[in-house]
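Each chain, letter by letter, is given below.
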Amino acid sequence: MTEDILFFFDKRKDALPLYETLESRIFREIENVRVKVQKSQISFYNRHLFACVSFAGLRKKKDCPESYIVVTFGLDKRVESPRIEAASEPYPNRWTHHLLISDAGEIDDELMTWIKSAADFSEKK
């Protein structure tokens, strides 16, 4: 765990274990991943950005769990799932999806399938 990542979670230390679970699976299941910590998000790259973690406001504060992360990934098609909080198509055939994760159990095979597909899509751009 780098100092940058620890600083990113400085005011939300309770969400750090969720990030650690996700990061561990990404590094274990996807090759050649780089991480870039920015002020508002932690980005995962291969050739290009394919996923990120943030605290984006997907819900009103009163409707958010106490501890959570927002996982965002991009694909060439829209994923239809009740787990997806929001999806948009900023460019033709490039869909951005946002999920709110509040439990490590939500970092499951379904989520990782989407993230792996996002990494494949990113690699082919």
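Residues numbered from 1 in each chain as written. Predicted model: local features only at pLDDT ≥ 70, side-chain atom pairs only at ≥ 80, totals over all residues. Heavy atoms only, no water.

**With respect to the side chain of threonine 72**
With respect to the helices and strands, the residue threonine 72 is situated in strand β4 (residues 69-75). On the basis of relative accessible area, threonine 72 is assigned to the buried category, the value being 9%. A distance of 2.8 Å separates a polar atom in the side chain of threonine 72 from a polar atom in the side chain of histidine 98. Sequence-distant contacts of threonine 72, that is, excluding residues within four places in its chain, are made with Phe50, Ala51, Cys52, Thr96, His97 and His98. (Helix = DSSP H or I, 4+ residues; strand = E, 2+ residues; numbered from the N terminus. Buried < 20%, exposed > 50% of the residue type's maximum accessible area, 1.4 Å probe, protein only. Polar contact = N/O pair within 3.5 Å; in protein donor to acceptor, adjacent residues only side chain to side chain. Contact = heavy atoms within 4.5 Å.)

**Here's the deal with the packing of helix α2 (residues 16-29) against helix α3 (residues 109-124)**
Working note: a packed helix pair is described by the angle between its axes plus the distance between those axes. Interaxial distance between α2 and α3 falls to 11 Å at its minimum, and their mutual angle equals 55°. With respect to α3, the element α2 is oriented oblique. Along this stretch, α2 crosses α3, giving a crossing that reads as right-handed. For the pair α2 and α3, the contacting residues are Leu22, Arg25, Ile26 and Glu29 in the first and Asp109, Leu111, Met112, Ile115 and Lys116 in the second. The residue inventory of the contact of α2 with α3, partitioned by class, reads five nonpolar, no polar and four charged. (Axes fitted to C-alpha atoms, helices over the stretch in contact; angles between N-to-C directions. Parallel < 35°, antiparallel > 145°, perpendicular 65-115°, else oblique. Left-handed = near helix turned anticlockwise from the far one by under 90°. Nonpolar A, V, L, I, M, F, W, Y, C, P; charged D, E, K, R; others polar.)

**A short note on the pattern of salt bridges**
Oppositely charged side chains are able to pair whenever their charged atoms sit close together. Inspection of every chain in the model, using the stated rule, returns seven salt bridges. Residue aspartate 10 pairs with lysine 13 through a salt bridge whose shortest N-O separation is 2.9 Å. Lysine 13 sits in the exposed class, given a relative accessible area of 55%. A salt bridge links lysine 116 to glutamate 29; the nearest nitrogen and oxygen atoms lie 3.2 Å apart. Highlighted residues: lysine 116 in helix α3 and glutamate 29 in helix α2, separated in sequence by 87 residues. Owing to a relative accessible area of 26%, glutamate 29 belongs among the partly exposed residues under this scheme. One connected set of salt bridges, linked through shared partners, spans Arg25, Glu29, Asp109 and Lys116. (Salt bridge = Lys/Arg side-chain N within 4 Å of Asp/Glu carboxyl O.)

**Remarks on unusual backbone geometry**
Non-glycine residue asparagine 32 carries a positive phi angle of around 55°. Examined against the element boundaries, asparagine 32 turns out to sit in the loop between α2 and β1 (34-37). For asparagine 32, a relative accessible area of 66% corresponds to the exposed category. The phi dihedral of asparagine 93 falls on the positive side, at around 60°, and the residue is not glycine. You can see asparagine 93 is positioned in the loop between β5 (86-91) and β6 (94-101).

**Things to note about the sheet that holds β1**
The six strands lie next to each other as β1-β2-β3-β4-β6-β5, forming an open sheet whose pairing is antiparallel. Each of the sheet's edge strands pairs with one partner strand only, and the pair in question is β1 and β5. Ignoring which end each strand starts from, the neighbouring axes of this sheet average 20° apart. Pairing between strand β3 (residues 49-54) and β4: four bridges, direction antiparallel. Among the inter-strand pairings, serine 54 is bridged to a residue of β4, identified as valine 70. Most of the contacts of α3 go to β4, to which it runs at about 45°, and overall it touches β3, β4 and β6. (Pairing = 2+ DSSP bridges.)

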